[in-house]
Amino acid sequence: MLSISGRAAMKAAIRTPSGAAWRWGAGRLTSALLSGRRPLASSGSSVSEVAPVDSAADKHPQPHTPPSTPPLQRPIYMDFQATTPVDPRVLDAMLPFYLHRFGNAHSRTHEYGWAAEKATDEAREHVARLVNASSAKEIIFTSGATESNNMAVKGVAHFYQSTKRHIITTTTEHKCVLDSCRNLEREGFQVTYLPVNSDGRLDVGRLREAIRDDTALVSVMMVNNEIGTIQPIEEIGRVCRERKVFFHCDAAQAVGKIPVDVEQMNIDLLSISGHKLYGPKGIGALYVRRRPRVRIEPLMSGGGQERGLRSGTLPTPLVVGLGAACAIALEEMERDYQHVSALSQQLYDGITSRIEHVQLNGSLTHGYPGCVNLSFAYVEGESLLMALKTIAVSSGSACTSASLEPSYVLRALGVDEALAHTSIRFGIGRFTTEREIGYAIEVAEQHVKRLRDMSPLWEMVQEGIDLKTIQWSQS
Amino acid sequence: MSARNMQVLKLYRDMLRASAGFQDSGVRAYALRRVRQGFREKRHLVDEQQIEAAVVRARQDLEMLRRQSTISQMYPAPPFVTDVPEAGGRRQRKAQGEVR
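Now for a description of the structure that goes with this document. (Residues numbered from 1 in each chain as written. Chains lettered and ligands numbered in written order. Predicted model: local features only at pLDDT ≥ 70, side-chain atom pairs only at ≥ 80, totals over all residues. Heavy atoms only, no water.)

Some thoughts on the overall build of chain B
For chain B, the helix and strand inventory stands at four helices and zero strands. The helix and strand sequence of chain B, counted from the amino end, reads α-α-α-α. Looking at chain B residue by residue over its 100 residues, the buried ones come to 39%. Of all intrachain contacts in chain B linking residues separated by at least 6 positions in sequence, the fraction that spans at least 24 positions is 68%. Total accessible area on chain B stands at roughly 6,000 Å², and carbon and sulfur atoms take up 55% of it. (Helix = DSSP H or I, 4+ residues; strand = E, 2+ residues; numbered from the N terminus. Buried < 20%, exposed > 50% of the residue type's maximum accessible area, 1.4 Å probe, protein only. Contact = heavy atoms within 4.5 Å. Areas by Shrake-Rupley, 256 points an atom, 1.4 Å probe, with all protein chains shown as cover.)

Overview of the interface of chain B and chain A
Counting from both sides, the interface comprises 24 residues of chain B and, opposite them, 31 residues of chain A. Between chain B and chain A the total buried area reaches about 2,700 Å² when both faces are included, carbon and sulfur atoms providing 55% of it. Three residues stand out in chain B for area buried against chain A, namely Tyr30, Val81 and Thr82 of chain B, and they jointly supply 26% of the buried area on that side. Taken together, the links from chain B to chain A amount to six salt bridges. The salt bridge involving Arg67 of chain B is made with Asp92 of chain A; its shortest N-O contact spans 2.6 Å. There are 13 residue pairs in polar contact (both at pLDDT 80 or more) connecting chain B and chain A. Among the elements of the structure, helix 2 (25-41) and helix 3 (48-74) of chain B are those that each provide at least two residues to the side of chain B that touches chain A. Sorting elements by how many residues they give to the side of chain B that touches chain A places helix 2 of chain B first, with eight residues. Broken down by class, the residue content of the side of chain B that touches chain A amounts to 13 nonpolar, four polar and seven charged. (Buried area = accessible area lost by both parts, 1.4 Å probe. Salt bridge = Lys/Arg side-chain N within 4 Å of Asp/Glu carboxyl O. Polar contact = N/O pair within 3.5 Å; in protein donor to acceptor, adjacent residues only side chain to side chain. Nonpolar A, V, L, I, M, F, W, Y, C, P; charged D, E, K, R; others polar.)

Some points on unusual backbone geometry
Residues and elements named next belong to chain A. A cis amide bond links Arg291 with the next residue in sequence, Pro292, at an omega value of -10 degrees. For Pro292, the position within the fold is in the loop between strand 8 (284-288) and helix 11 (316-354). Backbone geometry places Asn266, a non-glycine residue, at a positive phi of 55 degrees. Given a relative accessible area of 16%, Asn266 falls into the buried group.

Here's the deal with a positive patch on the surface
There is a patch of like positive charges on the surface, built from Lys137, Arg290, Arg291, Arg293, Arg295 and Arg307 of chain A. With respect to the secondary-structure elements, Lys137 of chain A resides in the loop between helix 6 (111-130) and strand 2 (139-142). (Patch = residues over 30% accessible without salt bridge, like charges linked within 9 Å, V, L, I, M, F, W, Y side chains within 5 Å. Lys, Arg positive; Asp, Glu negative; His and termini not counted. Charge placed at Lys NZ, Arg CZ, Asp CG, Glu CD.)

Remarks on the pattern of salt bridges
Oppositely charged side chains may form a pair once their charged atoms are brought near each other. Scanning the model with the defined rule gives 33 salt bridges over all chains in all. Put simply, Glu185 of chain A and Arg182 of chain A hold a salt bridge, and the shortest N to O gap is 3.1 Å. Here Glu185 of chain A pairs with Arg182 of chain A, and both are found in helix 8 (residues 175-186), just three residues apart, close to one helical turn. Glu185 of chain A sits in the partly exposed class, given a relative accessible area of 31%. Residue class for Arg182 of chain A comes out partly exposed when judged on its relative accessible area of 44%. With its nearest N and O atoms 3.4 Å apart, the salt bridge here joins Arg208 of chain A to Glu242 of chain A. One end of the pair, Arg208 of chain A, is in helix 9 (residues 204-210); the other, Glu242 of chain A, is in helix 10 (residues 233-242), with 34 residues separating them in the sequence. Through salt bridges with shared partners, a single network forms among Asp87, Arg89, Glu331, Glu332, Arg335, Asp336 and Arg430 of chain A together with Arg34, Glu41, Arg57 and Asp61 of chain B.

Focus: the side chain of Asp336 of chain A
Topologically, Asp336 of chain A is positioned in helix 11. Not counting residues up to four positions away in its chain, the partners in contact with Asp336 of chain A are Arg430 of chain A together with Tyr30 of chain B.

Side note on the sheet that holds strand 9 (residues 358-361) of chain A
All names here are of chain A. Ordered in space as 9-10-12, the three strands form an open sheet in which the pairing is antiparallel. Each edge of the open sheet is held by one strand with a lone partner, namely strand 9 and strand 12 (423-427). Across the sheet, the mean angle separating the axes of adjacent strands is 30 degrees when strand polarity is ignored. With four bridges joining them, strand 9 and strand 10 (residues 371-376) adopt antiparallel strand pairing. Residue pairing in the sheet places Gln359 in a bridge with Ser375 of strand 10. In the packing of helix 11 onto the sheet, the strands contacted are strand 9, strand 10 and strand 12, and the crossing angle to strand 10 comes to about 10 degrees. (Pairing = 2+ DSSP bridges. Axes fitted to C-alpha atoms, helices over the stretch in contact; angles between N-to-C directions.)

Points about the nonpolar core
All names here are of chain A. Ranked by size, the top nonpolar core spans 84 residues in total, and within it Met222, Leu270 and Phe376 carry the most contacts. In terms of residues, this core owes the most to one element, helix 11, which gives 13 residues. Within the second largest apolar cluster, 22 residues are counted, among which are Val156, Cys181, Leu269 and Leu286. (Core = buried A, V, L, I, M, F, W, Y, C linked by side-chain atoms within 4.5 Å.)

This is the structure:
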C-alpha cells in the first residue's frame, strides 16, 4: 500500500512542472533539440536516455514561454562577426598583467615599467607580423577599430585639408567610416559614396573614374561585416598608388581570418580590432605606413604616446592580449579557415537543401565563409529572429540590431525590400562545432516551415500567384 | 618503445586530458581537435633538435591548458542547448557539483 501511494506521489511530482529534478531535465532538452538530433553527433546512450523525456514533454507541451528562473541552458553562439570569445591562450597571456606585472609601459625609471614596455613592444611585433608591416613602429594601438577608422579618415583629411578636400568610400562601409565621412562633409569636405555590385563588390573601374586631383583618401573595407564580401583590395591599392592617393582599409573582419599583407596590397592605413580575432574588447590598432610616409592629425592630445598619434597610457593587458591573438591567428589561420569553410559549406548546403526560397546575400565566390547571410522569403524577419532564440544570431550588424529597419548594406546591394527584412547572419568561428551547425539547420527548417504555414503570402505562393502582380490597395 | 616515444605519448595523453577539462563545449572540442592535429602534423619529425623544440613547446602548452581549463571550471556557465548532459565527462560534471 505504502509503495503504491509512494509511486503515485512520484508520478504526481513528475507531472507537475515545479518538480525540481524533472524541470531540470525538461529545461535542458527542448523539443526542438530533440527533433534536431542527428545521428552523427549523438551517442547511442544519450538518445535512449532522452527518448522518454520527449514523449512526456509532448503530453505536457509548454512551448515558447520564457523561463521565469535563470536559464538552465544557453543559446549556441553563431554571431562571430559581432564579437568572438577570448581564446584561452589569449587569456593566459593576459592574466599576469592583471596580477603582478601591472607596471605602466611608459614608466622609464623602474623594473615594473620596463617589463610592461617590453611586453607591449613584443605585442606590437606580433601585430606587425600578422599584416606584414615592415616595422613595428607602424602599429599604433587604439581602443578598437572604430577609433582606428575615425583616426584614419579624419586624421588624413584634416592633415591634408589645405590642398585635398575629397574623400572616396563605398555605401556598404561600416557605420563608423560613413559617420566620420558625414562629419567631414559638415566641415566642408566632399565625399563620394561609390555603389557596389549585387554581390557587394566594388567595381575598380568606377573607383578609377571617381579619383580626382584633390582626392586625399580612399577608404574601402576588406571583409564586409554583414555579408562577408571580400573587396578586390589588391586592385584598389594598385589604383590608389598609381594616382598617389592614400588608401585606408578597414580590416576588422579580415585580420586573422584571411591573409592581409599591407605591402602586397599597397595599403597605407589599416584598421584592426582585437575582439574580432579572439582577443579582448577595448583594444585595436591602426597601421600607419612610414614609407612613403602617411601623416595624420591625432584625435587625442596629451602625453605624446604612440609617436604622438594617440596619447594616453597603453592598456598593457589588452595590448598583450591583442598581440597574443595576432600571434595565434598567424599560426592558426590555415587550420581555422579549413574548419570554418567546411562548417560553412555544411550549413549552406543543409539549409538550402531543406528549405526552399532561401537567398544568399553577399558573394559566393568572393566571400569569407565564416559569414553566411541568408534571406528566408515569405517569413517575417523579426518573428524568425525571435523563434531562433536558442541560436545567438543577428539580422545584420550588431550596431543596428536594435532597429527594425532593414540593413542599409542589403539595400545597397539592391536586395528586395521584403527579403532584406528577413535576413539572418550566421557567424561561424574557431569554436563552432559540427553539432551546432546541425542544430542550427534543424531549428531554422522547423521555424521557417512553421512561420510559412501561418503566412497567407506563402499560401498564395503555393497556389502559384505571383505576389508582385497583386494590387494590395483597394482604391 | 624508446624513452622519447614514451615521453611524447605521455605529453599527448596529458594534453588531451587537460583539454577535456574545458567547461565550454566549443572550446573543449577545439582544444581536443587542435592537440590531435598538432601531434599528427609533427608525427614525422626526425631531426632531434626539432623534436626537442616541439616537446618544449608542448610542455608550455600543457601548462597553459591546465591553467585555463581550471579557470574555466571556476566560472561554470549553463550548458549550451546542444550539450548532452554526459558530454562534459567526469571532470565537467565534477565542476558542476554532479559528482565528487
